[in-house]
Every structure is written in C-alpha cells, then in structure tokens.
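As a plain string of letters, each chain reads:
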Amino acid sequence: MEQASLIEYPCDFPIKIMGKAHQGFTQTTLAIVKYHAPDFDIATTAVKASRNGTYLSLTCTIRATSRTQLDALYQALSEHSMISVVL
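Because the structure is predicted, anything quoted here is derived from the model rather than measured.

Draft legend 1. Main features of the sheet that holds strand 4 (residues 85–86). Spatial strand order, 2-3-1-4: four strands in an open sheet with antiparallel pairing. At either end of the open sheet lies a strand with only one pairing partner, and these are strand 2 (46–49) and strand 4. Pairing of strand 1 (residues 11–20) with strand 4, which is carried by two bridges, proceeds in the antiparallel orientation. Bridge pairing in strand 4 places Ile 17 opposite Val 86. Strands in contact with helix 1 (residues 25–36) are strand 1 and strand 3 (55–64); relative to strand 3, the strand with the most contacts, it is inclined by about 20°. Against the sheet, helix 2 (residues 67–79) contacts strand 1, strand 3 and strand 4, and its axis sits at roughly 10° relative to strand 1.

Below you can see the structure in the form of structure tokens.
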C-alpha cells in the first residue's frame, strides 16, 4: 500500500545539490533538473561555493507536480557521478 504524501501537489519545492566544483558540474546538474522539471527557470538557481572553492552547492526550486516526478529527479541526481549529496 502506498503511503500518503505530506506534500500537496503542485507546489514549489527546493532541492539542494552538492558536488565538487568541477568544470561542467553546474551545467550537468541543471540539465538533469530541467529534464525532470521542464518548466524550471534556470535563472532562479542559487549557487554557492564552499569556503575553499572545492565544492559547489546549487539550490533549485522546481514546481513539483507529483511524488513520482520528485522520486525520479532525486534518483537521477543521486546516481550521477559528479553529484555528492542531494537534499
């Protein structure tokens, strides 16, 4: 039996994505998010570097339409080798 969601869809849903500051990290990450949330506005992404510049943190707020969409997005992000943490 599927558990009821505590989230009411559709809703704005922030996702924090962290990984090493390699060339292409931001573009690759944003492409994954855009694939799963086509109406995501890339210009609204907040990017923050770690103190030493070793890691990057991206906060992307998408318009989530379903739990299935969020699960697929989290799965795709978590499986990518450039991405260390997804919150």
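Read on, since the account is not over.
Draft legend 2. Main features of helix 1. If you check helix 1, its first and last C-alpha atoms are 17 Å apart, about what twelve residues at 1.5 Å a residue would give, namely 16 Å. What helix 1 keeps buried is the set Phe 25, Thr 26, Thr 29, Leu 30, Ile 32, Val 33 and His 36. In an axial view of helix 1, the angular spread of the buried residues amounts to 155°, which keeps them on one side of the axis. Of the residues in helix 1, the exposed ones pointing more than 90 degrees away from the buried face are Gln 27 and Tyr 35.

Draft legend 3. Up close: the pairing of strand 2. Inspection of the sheet shows strand 2 paired to strand 3 by four bridges, in the antiparallel sense. Across the sheet, residue Ala 49 finds its bridge partner in strand 3, namely Leu 56. The hairpin turn running from strand 2 into strand 3, its antiparallel successor, is five residues long, and Gly 53 in that turn takes a positive phi close to 80°.

Draft legend 4. Region of the structure containing the packing of helix 1 against helix 2. Two elements in contact, helix 1 and helix 2, have axes separated by 10 Å at closest approach and are oriented at 160°. Looking at the two axes, helix 1 sits roughly antiparallel to helix 2. For the element pair helix 1 and helix 2, the recorded crossing hand is right-handed. Contacts from Thr 29, Ile 32, Val 33 and His 36 in helix 1 reach Gln 69, Ala 72, Leu 73, Ala 76 and Leu 77 in helix 2. Grouping the constituent residues of the contact of helix 1 with helix 2 by class yields six nonpolar, three polar and no charged.

Draft legend 5. Quick look at the environment of Lys 16. When you line up the elements, Lys 16 lands in strand 1. On the accessibility criterion, Lys 16 (35% relative accessible area) is partly exposed. For the pair Lys 16 and Leu 58, spaced 42 residues apart in sequence, the C-alpha separation works out to 5.6 Å. Discounting residues that sit within four places of it in the chain, Lys 16 has contacts with Ser 57, Leu 58, Thr 59, Val 85, Val 86 and Leu 87.

Reading guide: rules and limits
- Residues numbered from 1 in each chain as written.
- Predicted model: local features only at pLDDT ≥ 70, side-chain atom pairs only at ≥ 80, totals over all residues.
- Heavy atoms only, no water.
- Pairing = 2+ DSSP bridges.
- Helix = DSSP H or I, 4+ residues; strand = E, 2+ residues; numbered from the N terminus.
- Contact = heavy atoms within 4.5 Å.
- Axes fitted to C-alpha atoms, helices over the stretch in contact; angles between N-to-C directions.
- Expected span 1.5 Å × (residues − 1).
- Buried < 20%, exposed > 50% of the residue type's maximum accessible area, 1.4 Å probe, protein only.
- Arc of directions from axis to C-beta.
- Parallel < 35°, antiparallel > 145°, perpendicular 65-115°, else oblique.
- Left-handed = near helix turned anticlockwise from the far one by under 90°.
- Nonpolar A, V, L, I, M, F, W, Y, C, P; charged D, E, K, R; others polar.

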